[in-house]
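Examination of the molecular architecture
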Amino acid sequence: MPKKFYVTTPIYYVNDVPHIGHSYTTIAADVLARYHRLLGEEVFFLTGTDEHGAKVAASAKESGKTPQEFCDEVADRFKKTWKLLNISNNCFIRTTDKEHEESVQKFLAKINERGFIYKGEYEGLYCQGCERFYLPDDLVDGKCPFHFTKPRPITEENYFFKLSFFQDKLIKLIETAKFEIFPEERRNEVLGKLKSGVEDISISRGSVEWGVSFPLDSSHTVYVWVDALINYISAVGYGRKENDFLKWWPAQVHLMAKDILWFHAVIWPAMLLAAELELPRKLFVHGFFTVNKQKMSKSLGNVIDPWALSEKYGVDGIRHFLLSEFPFGADGDFSIRRLEERYNSDLANDLGNLLHRFLPVVVKSCQGKVPDPAGKPTHLEKELEALSDEVTGNVTSLMEQLKLKETLEEIWRLVRKAHKYLDETAPWSLAKAGETERLSTVIYNLAEIMRIIALLISPFMPTTAEKFWKQLGVEESLATQILPQGARWGGFRPGAMVKLAQPLFPRLEID
Ligand code: MSP
């Protein structure tokens, strides 16, 4: 039985249009999903949309649509954007899916049965933008830190979840790494907050109509965050498809940015404990992309649109930039200037140019055919092979730690080495001098290094990797390759016919 790997992104609010911030998490999750498929694992990759709550109902009204029509349109836009960005999700969940609503109700009935729900009165400061209550200490100058608006004081009769009951259990699970939170800084942040005390939370709304009916009281709906978190189990059949659920749950990793850490690190695991379910193995919390140091959102008018970017820089150009610019976990400020510089240096000069330098030599000197390596390998070939093995090994351990930027840097060591090898061996001169044996060795080794580079970049830049393989004339399908065997030196089959094509990443003119 292959190992299974279940990875999720947060489900995105339909209030915003898909932007480069959402794309960041989704592309990272896609890279993980593709990488684990490349390891031969069976992967379930989940993303979707979070569609309930007063905010959505208000936006629908504003645009003259019913909430369902409004959600259908935005969910469709998310789906199309992920298609554009070559996202390989297995499932797209919507919280308005009937199956999801059924799972939510079953889940809540279960934790109620186990005595973790009670009725009470809640008084608090509510930010509609975030659909959550804030404590006065969480506010910045009395305003929501994300929306810069004043939360409204609200008093409501609600149903509560006994979150406080799980305080000690959660501390223990996190401290003993049974429930892992990365990076360390985020883990410490959660532990500190947990230790300073946890209050029960209200999980129903009497004042919100657009939501899942609360199973204990039909005059209430389920608090959107509780509804949303349950997506991670409803997508794999909780309460409906027992075998699927047993197969996939728990998730190996939930990805998200730090803005929603508390929900995932405290509320969600407590809900799961209340229902006697296993916890996800790991949370990986990445940084925030800002534009001029501000959160990207439609309401702030500073959204960067992946459609416009992809038109100019290509989908793989965006995928590469987003993951190579900042360590996955740290914050970063988005700039087109950096995107263009990186595109020119890493993609046009390094990666794309490698193929563009190599293919014409094969056409001119070997009639386009990659020959058998007839000459004896020199120290140059041995170095190339050794570096390739080293990089493949390092990629495995870096990917295990979700060090995506560092993985790309590691692969780029190979790209630069291939350029150096090309310079040092100068196959065009060997051809001129009629040194056919040596020439065949050099051409073969170059083809081989490029095959391996393509394989290693394939989770990050799937289209580029396919183009590399096609242009190198590799016949096997990239989709059937398995690591590490597939990257073992000598896998290139001589006799392949290369195909000349336009440069993969034409240089950009930067002012
Ligand atoms: N609907 C909730 C999540 C529920 S999950 C059970 C939500 N949605 S959201 O649309 O606001 O998206 C939040 C997530 O989108 C962030 O945690 C992050 O993964 C991603 N990002 C949105 N904007 C981002 C940036 N500007 N930078 C980095 N990631 C960003 O919260």
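Residues numbered from 1 in each chain as written. Predicted model: local features only at pLDDT ≥ 70, side-chain atom pairs only at ≥ 80, totals over all residues. Heavy atoms only, no water.

**Brief notes about the sheet that holds strand S11 (residues 253–257)**
Spatial ordering of the open sheet is given by S3-S2-S1-S11-S12-S7, a layout of 6 strands whose pairing is parallel. If you trace the sheet from one side to the other, it starts and ends with strand S3 (91–94) and strand S7 (180–182), each paired once. Strand-to-strand twist of the sheet, defined as the mean angle between neighbouring strand axes without regard to direction, takes the value 20°. Examined bridge by bridge, S11 and strand S12 (residues 282–286) share 4 bridges and lie parallel to one another. Bridge pairing in S12 places His-254 opposite Leu-283. (Pairing = 2+ DSSP bridges. Helix = DSSP H or I, 4+ residues; strand = E, 2+ residues; numbered from the N terminus. Axes fitted to C-alpha atoms, helices over the stretch in contact; angles between N-to-C directions.)

**Quick notes on the packing of aromatic side chains**
Tallying each qualifying case throughout the model produces 26 aromatic pairs. Ring geometry for Tyr-232 against Trp-268: centres 5.9 Å apart, planes inclined by 55°, an arrangement best described as tilted. Taken together, the positions of Tyr-232 in helix H8 (residues 231–234) and Trp-268 in helix H10 (residues 261–274) put the pair 36 residues apart, joining distant regions of the chain. Each member of the pair Tyr-232 and Trp-268 is classed as buried. Ring geometry for Phe-284 against Phe-328: centres 5.2 Å apart, planes inclined by 10°, an arrangement best described as stacked. With Phe-284 in strand S12 and Phe-328 in the loop between helix H12 (315–325) and strand S15 (332–333), the pair connects residues that are 44 residues apart, well separated along the chain. Comparing Phe-284 with Phe-328, the two get one shared label, buried. Ring pairs connect the aromatic residues Tyr-24, Phe-284, Phe-289, Phe-321, Phe-326, Phe-328 and Phe-334, which therefore count as one cluster. One cation-aromatic arrangement involves Lys-193 over Trp-262; the distance from NZ or CZ to the ring centre is 4.8 Å. (Phe/Tyr/Trp six-rings, centres within 6.5 Å; stacked < 30°, edge-to-face > 60°. Buried < 20%, exposed > 50% of the residue type's maximum accessible area, 1.4 Å probe, protein only. Lys NZ or Arg CZ within 6 Å of the ring centre and 35° of its normal.)

**A word on the packing of helix H1 (residues 20–38) against helix H14 (residues 379–400)**
Their axes nearest at 12 Å, the elements H1 and H14 cross at an angle of 130°. Here H1 lies oblique to H14, going by the angle between them. Between H1 and H14 lies a crossing of left-handed hand. Here Val-31, Leu-32 and Tyr-35 of H1 come into contact with H14, specifically with Val-395, Thr-396 and Met-399. (Parallel < 35°, antiparallel > 145°, perpendicular 65-115°, else oblique. Left-handed = near helix turned anticlockwise from the far one by under 90°. Contact = heavy atoms within 4.5 Å.)

**Side note on the pairing of strand S2 (residues 42–50)**
Side-chain direction in a regular strand flips from residue to residue, so the side chains alternate between the two faces of the sheet. Burial runs high along S2: 8 of the 9 residues are buried. Looking at chain direction, strand S1 (residues 4–13) and S2 are connected through 8 bridges and run parallel. For Val-7, the partnering residue across the bridge sits in S2 and is Phe-45. In terms of strand pairing, S2 meets S3 through 4 bridges, oriented parallel. Within S3, the position partnered with Leu-46 by the bridge is Cys-91.

**Observations regarding the site of the ligand**
Neighbouring residues of the ligand: 23 residues in total, closest Ile-11, Thr-25, Asp-50, Asp-259 and Phe-289. Take His-22: an N or O atom from its side chain is 3.5 Å from an oxygen atom of the ligand. Between a nitrogen atom of the ligand and a side-chain N or O atom of Asp-50, the distance comes to 2.7 Å. Only S1, H1, helix H7 (224–229), H8 and S11 provide two or more residues apiece to the shell around the ligand. The element that contributes the greatest number of residues to the shell around the ligand is S1, accounting for 4 residues. Taken together, the residues that form the shell around the ligand break down as 13 nonpolar, 8 polar and 2 charged. (Near = heavy atom within 4 Å. Polar contact = N/O pair within 3.5 Å; in protein donor to acceptor, adjacent residues only side chain to side chain. Nonpolar A, V, L, I, M, F, W, Y, C, P; charged D, E, K, R; others polar.)

**Observations concerning unusual backbone geometry**
Cis geometry is found at the peptide bond from Trp-249 to Pro-250, where omega equals 5°. Along the polypeptide, Pro-250 turns up in the loop between helix H9 (242–248) and S11. Following Leu-483, the chain continues into Pro-484 via a peptide bond in cis, with omega recorded as 0°. Looking at the element boundaries, Pro-484 is found in the segment after helix H18 (462–472). Unusually for a residue other than glycine, Asp-141 sits at a positive phi of about 50°. Here Asp-141 lies in the loop between strand S5 (132–134) and strand S6 (152–161).

**So, the nonpolar core**
Grouped together as the largest cluster of nonpolar side chains are 106 residues, with contacts concentrated most on Phe-334 and Leu-351. With 14 residues, the top contributor of residues to this core is helix H17 (residues 436–457). With sequence-adjacent residues up to four places away left out, Leu-351 is seen in contact with Asp-346, Trp-412, Val-415, Ile-453, Ile-457, Met-461, Thr-464, Phe-468 and Phe-505. Core analysis: the next-biggest nonpolar cluster, separate from the first, contains 71 residues, Cys-91, Ala-228, Trp-249 and Leu-279 among them. (Core = buried A, V, L, I, M, F, W, Y, C linked by side-chain atoms within 4.5 Å.)

**Structural notes on the packing of helix H5 (residues 167–175) against H10**
Across the interface, H5 lies against H10 with an axial gap of 10 Å and an inter-helix angle of 105°. It follows that H5 is roughly perpendicular to H10 by the angle criterion. For the pair H5 and H10, the contacting residues are Lys-169, Leu-170, Leu-173 and Ile-174 in the first and Ala-265, Val-266, Pro-269, Ala-270 and Leu-273 in the second. For the contact of H5 with H10, a count of residues per class yields 8 nonpolar, no polar and 1 charged.

**Considering the environment of Glu-325**
Checked against the element boundaries, Glu-325 lands in helix H12. Between the C-alpha atom of Glu-325 and that of Lys-405, which follows or precedes it by 80 residues, the distance is 7.0 Å. Sequence-distant contacts of Glu-325, that is, excluding residues within four places in its chain, are made with Arg-338, Arg-342 and Lys-405. Engagement of the side chain of Glu-325 in a polar contact is seen with the side chain of Arg-338, the distance being 2.8 Å.

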